[in-house]
Amino acid sequence: MESSPPDKRAEPRRVDLDARQVRVLAHPLRMRLLGSLRIDGPATATALAEKLGTNTGATSYHLRQLAEVGLVAEDPDRGAGRQRWWQAAHDMSHFEPTDFDDDPDARAAVQWIQADQVRLMGELAERWMAVEHTQSSAWRDAAGMGDMVLPLDPARLRALNDDLLAVLLRYRDEAVRDAPDVKPVHVFLAGFPRLDQRW
């Protein structure tokens, strides 16, 4: 009797953002709403407003804006009556910045989205460092960051980013969420040329 292979998580649902989607997404509350739905799963506008410290009216409006461009959708399996549950339509977003070279508004939106990711990375790192001393030694020793300067051309930098994404997806697929001491961990990837030095 042949045993069936272990269940693997499905490939992440990925959206290649178009110009309209990046323009809609380039908003602080919309980025937070989409991030919350992707990380924490479906929720109502009321629950999201409470979690994100805003009001239900603004949350509902921005969810509808995200839904109009296909980034979020109503969850048909939840809710009763007038209660609407929302879910992320994709697990991850992707775009090539050069796709928007001919669209100044979309290009500005992409720059805002990237700057917001850098801001979020700094904010999360500062929050961790503020409470790090209260955490277990295992978490303090495991968490961290570093940097390295590598001699790469654009093709090798792309290959490096693709390899690192594959590693992250493998760790996601192997995760056991209910194991002891498991916490959600933010992992950021960034690679860009140094502009101030040459080899």
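It should be emphasised that the depicted structure is a prediction, and the values quoted were computed from it without experimental measurement. (Residues numbered from 1 in each chain as written. Predicted model: local features only at pLDDT ≥ 70, side-chain atom pairs only at ≥ 80, totals over all residues. Heavy atoms only, no water.)

Chemist: How do you make sense of the pattern of salt bridges when you look at a structure like this?
Modeler: Within the structure shown, the criterion is met by 13 salt bridges. The residue R13 makes a salt bridge to D91 at a minimum N-O spacing of 3.2 Å. Of this pair, R13 sits in the segment before β1 (14–16) while D91 is found in the loop between β4 (85–88) and β5 (92–94), placing the two residues 78 residues apart along the sequence. Classification of R13 by relative accessible area gives partly exposed; the value is 41%. With a relative accessible area of 34%, D91 lands in the partly exposed category. Overlapping salt bridges, with partners in common, bring together D116, R119, E123 and R127 in one network. (Salt bridge = Lys/Arg side-chain N within 4 Å of Asp/Glu carboxyl O. Helix = DSSP H or I, 4+ residues; strand = E, 2+ residues; numbered from the N terminus. Buried < 20%, exposed > 50% of the residue type's maximum accessible area, 1.4 Å probe, protein only.)

Chemist: Would you mind showing me how to read the nonpolar core here?
Modeler: Note on soluble globular proteins: their nonpolar side chains tend to be buried together. Among the nonpolar cores identified, the biggest contains 27 residues, and V22, L25, L37 and L63 are the most heavily contacted of them. The set of elements that each furnish at least two residues to this core consists of α1 (19–25), α2 (28–40), α3 (45–52), α4 (56–68), β4 and α5 (104–131). The element contributing the most residues to this core is α2, with 5 residues. Discounting chain neighbours no more than four positions away, the residues touching V22 are L17, F100, A106, A109, V110 and I113. (Core = buried A, V, L, I, M, F, W, Y, C linked by side-chain atoms within 4.5 Å. Contact = heavy atoms within 4.5 Å.)

Chemist: Where do I start with the sheet that holds strand β2 (residues 43–44) in this structure?
Modeler: Taken together, the 3 strands give an open sheet; going across it, the order is β2-β4-β3, and neighbouring strands pair in antiparallel fashion. Only two strands of the sheet have a single neighbouring strand rather than two, namely β2 and β3 (72–74). As judged from the 2 bridges shared by β2 and β4, these two strands associate in the antiparallel manner. Following the sheet pairing, A43 is matched in β4 by W86. (Pairing = 2+ DSSP bridges.)

Chemist: Got a minute to help me understand the side chain of D116 in this structure?
Modeler: In this fold, D116 is placed in helix α5. What makes D116 buried here is its relative accessible area of 10%. A polar contact of 3.0 Å, which involves the side chain of D116, links it to the side chain of R119. (Polar contact = N/O pair within 3.5 Å; in protein donor to acceptor, adjacent residues only side chain to side chain.)

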